[in-house]
Amino acid sequence: PAGSTTQTERRCIEDGTTSKCFETRSVQVDRGAIHYVTDVTKVVAAENLRREFVQTLTKTFANLTTGLAIFNRDKQLALFNPALVDLTGLGAEFLSAQPNLMTFFDNLRDNHVLPEPRNYGDWRTQILQMIETATGGLYRETWTLPSGLTYRVTGRPHPDGAVAFLFEDISDEISLTRRFRSQVDVRQAVLDNLSEAVVVLSPAKTVLLCNSTCSSLLGIDPDSSFAEMSLNDLTKICNSRLPNPEFWDTVVKGLDCPRLQDPIDANLLDTHSKRYRCRAVSLPGGAAMLTIAPAGIAAGKAHADLVTSD
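Just so you know, these numbers come straight off a predicted model, no measurement behind them.

Enquirer: So, the overall build of the protein: which residues are in play, and what are the values?
Expert: Scanning the protein from terminus to terminus reveals 10 helices and 13 strands. For the protein, buried positions account for 33% of its 310 residues. For the protein, the share of sequence-separated contacts (at least 6 apart) that also reach a separation of at least 24 residues comes to 35%.

Dropping the structure here:
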């Protein structure tokens, strides 16, 4: 009504173990007042539940080591956690001002928290493509930064048009992988420089690796084959180069045991009557090794330690 004023108030009344909430609305009119009372107990309970849920999420995000940046449908920063500040070096004041996506990534570039682009124009195009990819699907890239750190950046879209970016510091993981790969390469290089053929079998008795001498002698290359080579397959190839079915049957039976107590050792002739010393031994963890060397060269037992000293 004309000239009326409205006042709204919400009150909760405790009744033993239960609580009832009511919303009162008073409308002042010329001749008095009209009062409305509505039971809003369920509404209040839902609001409290939502508030507690948000508080729980906030605490969870605060304890994450992964940097989190969530942009709303207008591409404004709506939520971030302390880890994002630590990983990006962007100030909490800047992030609290809710910058848009492009401003956010512009500042990442200024802080050298982006791979250095060849030119600024290409970089802007790449960032736009990245945003489109993260908005339309999953964006996942590894950033190697000028500082030497390595970040894994993941962009995940949300149904309402929002997008979340996750920043993980994987520098230690990358360093460990590189160090392991370097050790593997060194061990393979040592094996390849041996004059004897070496084949290592997994606990499942499939060919795990061999050296270049073995590849030349037996004509096998496990790295280039999609199918796994079993012990039976290996001994068939060995028997075609160094014919002696009885010995190779003994090798199969011996290596099929959980743990071969004594090495299986014999001197065999190849199809050109050249003598080789063949030796099968067990390795720790259920693996096994087969060595084939010209009879004048002793098969080195120490090689077992070399390839299994992880």
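Structure's up, so let's keep going.
Enquirer: Could you give an account of the sheet that holds strand β4 (residues 67-71), with specific residues and numbers?
Expert: An order of β5-β4-β8-β7-β6 is seen for the 5 strands of this open sheet, with the pairing classed as antiparallel. One side of each edge strand has no neighbouring strand; the edge strands of this open sheet are β5 (77-80) and β6 (139-144). For this sheet the average axis-to-axis angle between neighbouring strands, irrespective of direction, equals 20 degrees. Note that strand β7 (residues 150-157) and strand β8 (residues 163-169) share 7 bridges and pair antiparallel. For Arg152, the partnering residue across the bridge sits in β8 and is Glu168. Along the sheet, helix α4 (residues 101-110) contacts β4, β6 and β8; its crossing angle with β8, the most-contacted strand, is approximately 15 degrees.

Enquirer: Got a sec to walk through the side chain of Asn211? Specific residues and values, please.
Expert: For Asn211, the position within the fold is in the loop between β10 (207-210) and α7 (212-218). Among the polar contacts listed, one links the side chain of Asn211 to the backbone oxygen of Glu196, at a separation of 2.9 Å.

Enquirer: Describe the packing of helix α8 (residues 231-241) against helix α9 (residues 245-255), listing the residues and the values that go with them.
Expert: For the pair α8 and α9, interaxial distance at closest approach is 10 Å and the crossing angle is 160 degrees. Looking at the two axes, α8 sits roughly antiparallel to α9. The hand of the α8/α9 crossing is right-handed. Here Leu231, Asn232, Thr235, Cys238 and Asn239 of α8 lie close against α9, whose contacting residues are Pro245, Trp248, Val251, Val252 and Leu255. Partitioned by chemical class, the residues of the contact of α8 with α9 number 7 nonpolar, 3 polar and no charged.

Enquirer: Outline the pattern of salt bridges, listing residues and values.
Expert: Across all of its chains, the model carries 8 salt bridges by this definition. Two residues, Glu168 and Arg152, come together in a salt bridge whose shortest N-O distance is 3.8 Å. Residue Glu168 is located in strand β8, and its partner Arg152 is located in strand β7; the two are separated by 16 residues in the primary sequence. Relative accessible area serves as the criterion here: at 25%, Glu168 is assigned to the partly exposed category. Where Asp265 meets Arg279, a salt bridge forms, and the shortest distance between an N and an O atom there is 3.8 Å.

Enquirer: Help me get a handle on the state of the cysteines, residues and values and all.
Expert: Enumeration over the complete set of coordinates arrives at 1 disulfide. Covalent S-S linkage joins Cys12 and Cys21, the inter-sulfur distance amounting to 2.1 Å. Looking down the S-S bond of the Cys12 and Cys21 bridge, the torsion is 100 degrees, so its handedness is right-handed. We classify Cys12 as partly exposed; its relative accessible area is 45%. Residue Cys21 is classed as buried on the basis of its relative accessible area, which comes to 4%. The structure places no disulfide on Cys238, whose sulfur is separated from the nearest cysteine sulfur, that of Cys214, by 7.1 Å.

Cut-offs applied
Residues numbered from 1 in each chain as written. Predicted model: local features only at pLDDT ≥ 70, side-chain atom pairs only at ≥ 80, totals over all residues. Heavy atoms only, no water. Helix = DSSP H or I, 4+ residues; strand = E, 2+ residues; numbered from the N terminus. Buried < 20%, exposed > 50% of the residue type's maximum accessible area, 1.4 Å probe, protein only. Contact = heavy atoms within 4.5 Å. Pairing = 2+ DSSP bridges. Axes fitted to C-alpha atoms, helices over the stretch in contact; angles between N-to-C directions. Polar contact = N/O pair within 3.5 Å; in protein donor to acceptor, adjacent residues only side chain to side chain. Parallel < 35°, antiparallel > 145°, perpendicular 65-115°, else oblique. Left-handed = near helix turned anticlockwise from the far one by under 90°. Nonpolar A, V, L, I, M, F, W, Y, C, P; charged D, E, K, R; others polar. Salt bridge = Lys/Arg side-chain N within 4 Å of Asp/Glu carboxyl O. Disulfide = S-S within 2.5 Å.

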